[in-house]
Amino acid sequence: MRQKFVAGNWKMFTNAASARQLAAGVVAGVTDDRVQVLVCPPYPYLGLVAETLKGSKVLLGGQNCWYAAEGAFTGETSPAMLVDVGCQYVILGHSERRRIMGEPSELINKKLRAALAQGLKTIVCAGETLPEREANQAFAVVEQQLTVSLAGFPREHLDKLVLAYEPVWAIGTGRNASPAQAQEMHAFLRGKVTATVGAAYAESCQILYGGSVKPENAKELMSQDDVDGVLVGGASLKADQFLAIYQAAL
Ligand code: PGA
């Protein structure tokens, strides 16, 4: 059985005080380790959130990283730095980074290798735009993004891979994919994972859904066979909403 996973992506929100308060609120409500819970604050608050999470069941992740170990990369953060401040996870290939910052899948692949080499677990995202879905290209687009992003994935690190299906048209729009649409894509992805690395691993691989996940829709989304959890943006910024989503996963 795959463990359910509820991850919060705080994006570029919070300040020091509200980040600490939000993290403390999440910690107070996460009492059961049947569900994995992760929060991904902005870089400047990782350290203080790490302190707040100490001794709790809540995991810490970065929203991005760079691929070099260190060097002249102004403004970037290495995987080792994320580990150093207490992260266990990093999100890679979020659609905002793909589209707004122009990150191609080849770059995500380099970041992925670097993150794995430092021992980070990785949440690799993919998702189609609305025109792509309407042109019946959703499956091809997601497959292409993941094929390139995961190229040459080191088998010894398979336990550090989590996939996230995040349709661009569902992110921050209030319009979530229907449970059936999510299930269809997740089953497709698990099938691809089976074909690439085998059924045994595919059965254990967590595949998260992201895009307008709310307390109201979380349970139905996560009740789909291949939806192993959720990656939550907006609703992760309020402890009560995020905790309601966590409760829905129990
Ligand atoms: P949302 O964002 O929940 O605000 O739609 C999801 C995400 O971008 O991970």
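These figures come from a predicted structure and were not determined experimentally. (Residues numbered from 1 in each chain as written. Predicted model: local features only at pLDDT ≥ 70, side-chain atom pairs only at ≥ 80, totals over all residues. Heavy atoms only, no water.)

1. Re the pattern of salt bridges
Point 1. Inspection of the entire model under this criterion finds 12 salt bridges.
Point 2. For Arg2, the salt bridge goes to Glu203, with nearest N and O atoms at 3.5 Å. Of the two residues, Arg2 is situated in the segment before β1 (4–9) and Glu203 in helix α9 (residues 199–204); the sequence distance between them amounts to 201 residues.
Point 3. Look at Arg2 and you get buried, because its relative accessible area is 16%.
Point 4. A salt bridge links Asp228 to Arg190; its shortest N-O distance comes to 2.7 Å. Placement of Asp228 in the loop between α10 (215–222) and β8 (229–232) and of Arg190 in helix α8 (residues 179–197) is noted, with a sequence separation of 38 residues between them. Each member of the pair Asp228 and Arg190 is classed as buried. (Salt bridge = Lys/Arg side-chain N within 4 Å of Asp/Glu carboxyl O. Helix = DSSP H or I, 4+ residues; strand = E, 2+ residues; numbered from the N terminus. Buried < 20%, exposed > 50% of the residue type's maximum accessible area, 1.4 Å probe, protein only.)

2. With respect to α10
Point 1. Taken residue by residue, α10 has Asn217, Ala218, Leu221 and Met222 as its buried positions. Along α10, the residues classed as buried sweep out an arc of 125° about the axis, all on the same side. Across from the buried face of α10, at angles greater than 90 degrees, the exposed residues are Glu216 and Glu220.
Point 2. Packed against the buried residues of α10 are β1, α8, β7 (207–210), β8 and α11 (239–249). (Arc of directions from axis to C-beta. Contact = heavy atoms within 4.5 Å.)

3. Quick look at the site of the ligand
Point 1. Neighbouring the ligand are 13 residues; Lys11, His94, Glu166, Gly172 and Ser212 lie closest to it.
Point 2. Contacts to the ligand include Ser212, whose backbone N or O atom sits 2.7 Å from an oxygen atom.
Point 3. Bound to the protein, the ligand loses 95% of the 280 Å² it would expose on its own.
Point 4. Along the lines of polarity and charge, the residues of the shell around the ligand split into 4 nonpolar, 7 polar and 2 charged. (Near = heavy atom within 4 Å. Polar contact = N/O pair within 3.5 Å; in protein donor to acceptor, adjacent residues only side chain to side chain. Areas by Shrake-Rupley, 256 points an atom, 1.4 Å probe, with all protein chains shown as cover. Nonpolar A, V, L, I, M, F, W, Y, C, P; charged D, E, K, R; others polar.)

4. As for the side chain of Arg190
Point 1. On the basis of relative accessible area, Arg190 is assigned to the buried category, the value being 6%.
Point 2. Of the polar contacts made by the side chain of Arg190, one reaches the side chain of Asp226; its length is 2.5 Å.
Point 3. Leaving out residues up to four positions away in the same chain, Arg190 has contacts with Arg2, Ala202, Glu203, Cys205, Ile207, Asp226 and Asp228.

5. Here's the deal with the packing of aromatic side chains
Point 1. Evaluation of the coordinates by the stated rule reveals 5 aromatic pairs.
Point 2. With a centroid separation of 5.3 Å and an interplanar angle of 70°, the aromatic rings of Phe5 and Tyr89 are classed as edge-to-face. Here the residue Phe5 occupies a position in strand β1, and Tyr89 occupies one in strand β4 (residues 89–92), the gap between them amounting to 84 residues.
Point 3. With a centroid separation of 5.0 Å and 75° between ring planes, the pair formed by Phe139 and Phe188 is classed as edge-to-face. Here Phe188 lies in helix α8 and Phe139 lies in helix α7 (residues 138–149), a separation of 49 residues in the sequence.
Point 4. Residue classification places Phe139 among the partly exposed residues on the basis of a relative accessible area of 26%.
Point 5. In this structure Phe188 comes out as partly exposed when scored by relative accessible area, which is 22%.
Point 6. Of the aromatic side chains, those joined through ring pairs into one cluster are Trp66, Tyr67 and Phe73. (Phe/Tyr/Trp six-rings, centres within 6.5 Å; stacked < 30°, edge-to-face > 60°.)

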